[in-house]
Amino acid sequence: MTGEPVNSQVGLGSGSDSFVEYLLKVPLLSCNKSVDGSLACDIDHPVLNEMIQLYHQILNLPLKSKHTVTKEGDTSIAYPVDNLRYHQLLCFLPGLIALEPAVRKQVADEEGGHKFALATSLVEGCHEMYHQSPLGLGPEELMPNQKVDPPVGGDLRYLLRPEYVESLFVMYRRTGNQKYQEMGWEVFQSLERFCKTDLGYAGIKNVYKSDDIERIDDMPSYFVAETLKYLLLLFGPDDFVTLDQFVFTTEAHPLRRLQGKEIPKKFLYFQTELASNKTVQAPFPWFLAALLAVSDTLQYAKVTLTTEGSLDLVIVGIDLQW
């Protein structure tokens, strides 16, 4: 992995965002909880080191120069952008950046402070995009710092996306500042007022038209799985699904951190590629092997116990060992 782009279409939005997130979140998932209870860990595994380095190369180095635009007249607010255009998908960035200082203990306080300040200004930029809309809901894509009202061009739809409230949740949990709850409450009120229908919730075709609101007849699955989940966690108990115990996937599934469990230096899964004999070796749970042995799969499976005590299972040319 080099982090070098393969073409000129470079961005942090759709098609790239999950990859960038996991470059940070996989090491974070494998970190230990520090003595003072903060999110911190030492990275001594070569794969995790490489992921952190690649994350730094892709995101940290060009972030301020290529992916932020400061609000005119207020340098404390920055919009997350790709190619100078704000994208609501990029509102995941403040939450991700807010987690980053937790990854390495060796990050200096000053450096971590600068990065957290950037996360703060970016979440303020996302809030500004929501707040300047008469519906209190942010557009999908827009050129920031326009002099006209309402703004023109871009994609003015609201698609019930979770990225902004995800960052509000992370920022609140990292700081305890209730202003992030207030921002989230504004979003929830707008959802209830403008998006709620008898059958669910709908997107908005133009968030700058308050006199004749047109809804989109669609409620994406991520709205329930992510948007509502992060809003719930934002207002739930602070010790419920804590960030020092869990890491959230890009689809808002909480995964419990390893908390000091040793990371295998050599993963056993699929160590051997499909060869001419179509055989793959991988760990296999004994209880599932027993279930297969007594089920209809028996005619396709052969289970044997080796002299070393391991369990061998062959299913239609796939050899799985435990």
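Along every chain, residues carry numbers that run from 1 in the direction the sequence is written. Restriction of local features to residues with pLDDT of at least 70 applies here, the model being predicted, together with a cutoff of 80 or more for giving and counting side-chain atom pairs; totals for whole chains, interfaces and linings are based on all residues. Side-chain descriptors were evaluated using all non-hydrogen atoms of the structure, hydrogens and water having been removed beforehand.

A. Summary view of unusual backbone geometry. With an omega dihedral of 5 degrees, the bond running from aspartate 149 to proline 150 counts as a cis peptide bond. Helix and strand assignments come from DSSP, with helices taken as H or I runs of at least 4 residues and strands as E runs of at least 2, each series counted from the N terminus. Tracing the chain through its elements places proline 150 in the loop between strand E4 (141-142) and helix H6 (163-175). We note that asparagine 83 has phi near 55 degrees; this positive angle belongs to a residue other than glycine. Positive phi, close to 55 degrees, is recorded for valine 241, a residue that is not glycine. For valine 241, the location among the structural elements is in the loop between helix H8 (221-235) and strand E7 (246-248). Relative accessible area serves as the criterion here: at 14%, valine 241 is assigned to the buried category. Only protein chains enter the accessibility calculation, which uses a 1.4 Å probe; a residue whose area is less than 20% of its type maximum is buried, one above 50% is exposed, and one in between is partly exposed.

B. Local environment of the packing of H6 against H8. Axis lines are fitted through C-alpha atoms, for helices just across the contact stretch, and the angle between N-to-C directions can take any value from 0 to 180 degrees. Viewed as axis vectors pointing N to C, H6 and H8 meet at an angle of 20 degrees, and their least axial separation amounts to 8 Å. Our classification of the angle between H6 and H8 gives roughly parallel. Read as a crossing pair, H6 and H8 show a hand that is left-handed. The residues of H8 that touch H6, namely those facing Val165, Glu166, Leu168, Phe169, Tyr172 and Arg173, are Thr227, Tyr230, Leu231, Leu233 and Leu234. Here the angle decides the label: under 35 degrees means roughly parallel, over 145 means roughly antiparallel, 65 to 115 means roughly perpendicular, and every other value means oblique. Throughout, a crossing is termed right-handed when the near helix is turned clockwise from the far one, and left-handed when it is turned anticlockwise from it by less than a right angle. Any two residues whose heavy atoms approach within 4.5 Å at even a single point are treated as in contact.

C. Geometry of the confidence of the model for the protein chain. The score called pLDDT rates the predictor's confidence residue by residue, from a low of 0 to a high of 100. When pLDDT is averaged along the protein chain, the result is 77; 69% of the residues meet or exceed 70. A low-confidence stretch, residues 35-41 (pLDDT under 50), is modelled with 22 contacts involving residues beyond four sequence positions or located in other chains. Counting interchain partners and residues more than four positions distant, the pLDDT-below-50 stretch residues 263-322 has 84 contacts.

D. Up close: the nonpolar core. Ranked by size, the top nonpolar core spans 68 residues in total, and within it Tyr158 and Tyr164 carry the most contacts. No other element matches helix H5 (residues 109-131), which puts eight residues into this core. Dropping the residues within four chain positions of it, tyrosine 164 is found in contact with Cys91, Val123, Cys126, His127, Tyr130, Met183 and Val187. The term nonpolar core refers to a set of buried residues drawn from Ala, Val, Leu, Ile, Met, Phe, Trp, Tyr and Cys, joined through side-chain atoms within 4.5 Å.

E. View of the pattern of salt bridges. Salt bridge, as used here, is a side-chain nitrogen of Lys or Arg placed within 4 Å of a carboxyl oxygen of Asp or Glu. Under the counting rule described, the total for this entry stands at eleven salt bridges. One salt bridge in this structure joins glutamate 72 and lysine 147, with 2.6 Å as the shortest N-O distance. Separated by 75 residues along the polypeptide, glutamate 72 in the loop between strand E1 (68-71) and strand E2 (74-82) and lysine 147 in the loop between E4 and H6 bring together distant segments of the chain. By relative accessible area, lysine 147 is classed as exposed at 71%. When the shortest N-O distance is used, the salt bridge between glutamate 140 and arginine 161 registers 2.7 Å. Within this pair, whereas glutamate 140 is found in the loop between H5 and E4, its partner arginine 161 is found in the loop between E4 and H6, the two being separated by 21 residues in sequence. The buried category is assigned to arginine 161, whose relative accessible area is 17%.

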